[in-house]
Amino acid sequence: MKNKKGITILGSTGSIGVSTLDVLSRHKDSYEIIALTANSNAEKMLQQCLQYQPLYAVMVDEQAAEKLSNALKNKTSETIVLSGAKSLENVSQLEQVDFVMAAIVGAAGLLPNLAAAKAGKRILLANKESLVMSGKLFMDAIHNNGATLLPIDSEHNAIFQCMPISGQQGVQQILLTASGGPFRTRDINSLHEITPEQAIAHPNWEMGKKISVDSATMMNKGLEVIEACWLFDIASDRIQVVIHPQSTIHSMVSYNDGSVLAQLGNPDMRTPIAYGLGWPERINSGVKPLDLFKTARLDFEKADFNRFPCLRLAFDAHQAGGNATIALNAANEIAVGAFLNKQLRFTDIPTVIEHALEKTTSGTPETIDEILIQDNESRKQAKLWMLEH
Ligand code: NAD
Ligand code: MG
């Protein structure tokens, strides 16, 4: 019997990918890196291949793959370089792969994550967008193929830790914490002036650009509400968003006997990553112990839907059904991309999403093709709004 777990990291060059490699480097005897994947950053992938020597490296971008392949030849590396989006699915399904870290950003993660589910892998899910898009279809793929889904998003990982071992016995509510991002207390009349640089400067977490903007609009929390509904099979009216600016408590579960269980820790994604890798055991993550005396205080506030309209849009979309949550995610990806390129104002992000939602018919897609068609249609609607305004 092999004693090392084989792992594929989808999105290894990103913030979660790099943190995953950091945790793995502390447990070289327990894990073998089978594949690393990225979109186009060949330099960073080259460095990761030389350091971690995966069997496969996937670059979705063909030119980047060629560049990586040539650079690796010069270093007499044995890593096999693959290219194209289909290769992401292939390296998620390999027999020697036990775990798949799903850390691609956005809708691009959907097909490889589904492939991992169909192959019965343990999926460490960071890519919340794929679950928001595919909901029941993804959960069914997990259950029907004997796959295991462990949440890596810090809030969902915390909830998972605070939930009963099986079922939801006695659970009253999920208390989903949010830092409130960089603009929680900024003058609401000046939100339209926000620049990408200001939006990606998160007070507590270091993350990729897209999720940082999502945190600033609180769409991230909206996506997380939907993510929690699917992961924990719970209605959205039993999820309370709680602003907690220190990000020390990562979320809570309240019970019908008056108990509230919380998971606390420093805001460092290596903790949930290590939990997902080691589960049901605990392994060292490299994260410093929490210093409660330095933390000193824990504050809580209600979320303000006027300041953060994206949060309301997410709750409404979840109520409306699958087409709406796909539209919400697709339009958000387009709007955030345009904002980062300085083509859209910060305060127009919810306007674009609302427009795409208005153009969406009710209902829930039942196949992956229907999901992709709705995704494509909503991206078009978002782009049309931007052309016309
Ligand atoms: P990031 O932007 O730092 O990294 C994204 C990774 O995805 C990169 O490796 C990139 O090469 C790859 N990628 C991008 N577009 C791709 C495409 N079209 N095809 C294939 N690969 C592509 O993002 P991140 O901050 O690491 O976030 C990754 C995911 O994890 C997101 O879904 C995010 O919401 C979630 N997440 C992140 C954090 C965090 O702390 N960073 C916390 C919770 C959840
Ligand atoms: Mg989170």
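Since the model is a prediction, treat every value here as computed from it, not as a measurement.

The rules we used
Residues numbered from 1 in each chain as written. Chains lettered and ligands numbered in written order. Predicted model: local features only at pLDDT ≥ 70, side-chain atom pairs only at ≥ 80, totals over all residues. Heavy atoms only, no water. Buried < 20%, exposed > 50% of the residue type's maximum accessible area, 1.4 Å probe, protein only. Helix = DSSP H or I, 4+ residues; strand = E, 2+ residues; numbered from the N terminus. Contact = heavy atoms within 4.5 Å. Domains from an automatic or database assignment. Buried area = accessible area lost by both parts, 1.4 Å probe. Polar contact = N/O pair within 3.5 Å; in protein donor to acceptor, adjacent residues only side chain to side chain. Nonpolar A, V, L, I, M, F, W, Y, C, P; charged D, E, K, R; others polar. Near = heavy atom within 4 Å. Areas by Shrake-Rupley, 256 points an atom, 1.4 Å probe, with all protein chains shown as cover.

A few points about helix α5 (residues 110-118)
Logical step 1: Counted residue by residue, α5 has seven buried out of nine residues, so it is predominantly covered.
Logical step 2: Leu110, Pro112, Asn113, Leu114, Ala115, Ala116 and Ala117 are the residues of α5 that are buried.
Logical step 3: Next to the buried residues of α5 lie β1 (5-10), α4 (85-93), β5 (99-102), β6 (122-125), α6 (128-144) and α16 (368-388).
Logical step 4: At the C-terminal side of α5, Gly120 shows a positive phi close to 75 degrees.

Regarding the domain arrangement of the chain
Logical step 1: Each assigned domain of the chain is listed with its residue range as follows: domain 1 (5-151) and domain 2 (321-389).
Logical step 2: Averaged C-alpha coordinates put domain 1 and domain 2 at centres separated by 27 Å.
Logical step 3: In this assembly, ten residues from domain 1 lie in contact with eleven residues from domain 2.
Logical step 4: Sorting the residues of domain 1 by area buried against domain 2 places Val132, Met133 and Leu137 first, and these three jointly supply 57% of that buried surface.
Logical step 5: The tally of links between domain 1 and domain 2 comes to two residue pairs in polar contact (both at pLDDT 80 or more).
Logical step 6: Within the residue set of the side of domain 1 that touches domain 2, elements represented by two or more residues are α5 and α6.
Logical step 7: In terms of residues, the side of domain 1 that touches domain 2 owes the most to one element, α6, which gives five residues.
Logical step 8: In terms of residue class, the side of domain 1 that touches domain 2 is made up of seven nonpolar, two polar and one charged.

So, the site of ligand 1
Logical step 1: Near ligand 1 lie 23 residues; those nearest to it are Thr13, Ser15, Asn39, Glu129 and Gly208.
Logical step 2: Thr13 is positioned with one of its side-chain polar atoms (N or O) 2.8 Å from an oxygen atom of ligand 1.
Logical step 3: At 2.9 Å from an oxygen atom of ligand 1 is found a main-chain nitrogen or oxygen belonging to Ile16.
Logical step 4: The protein chains hide 86% of the 830 Å² of surface that ligand 1 would expose on its own.
Logical step 5: The set of elements that each furnish at least two residues to the shell around ligand 1 consists of α1 (15-24) and α6.

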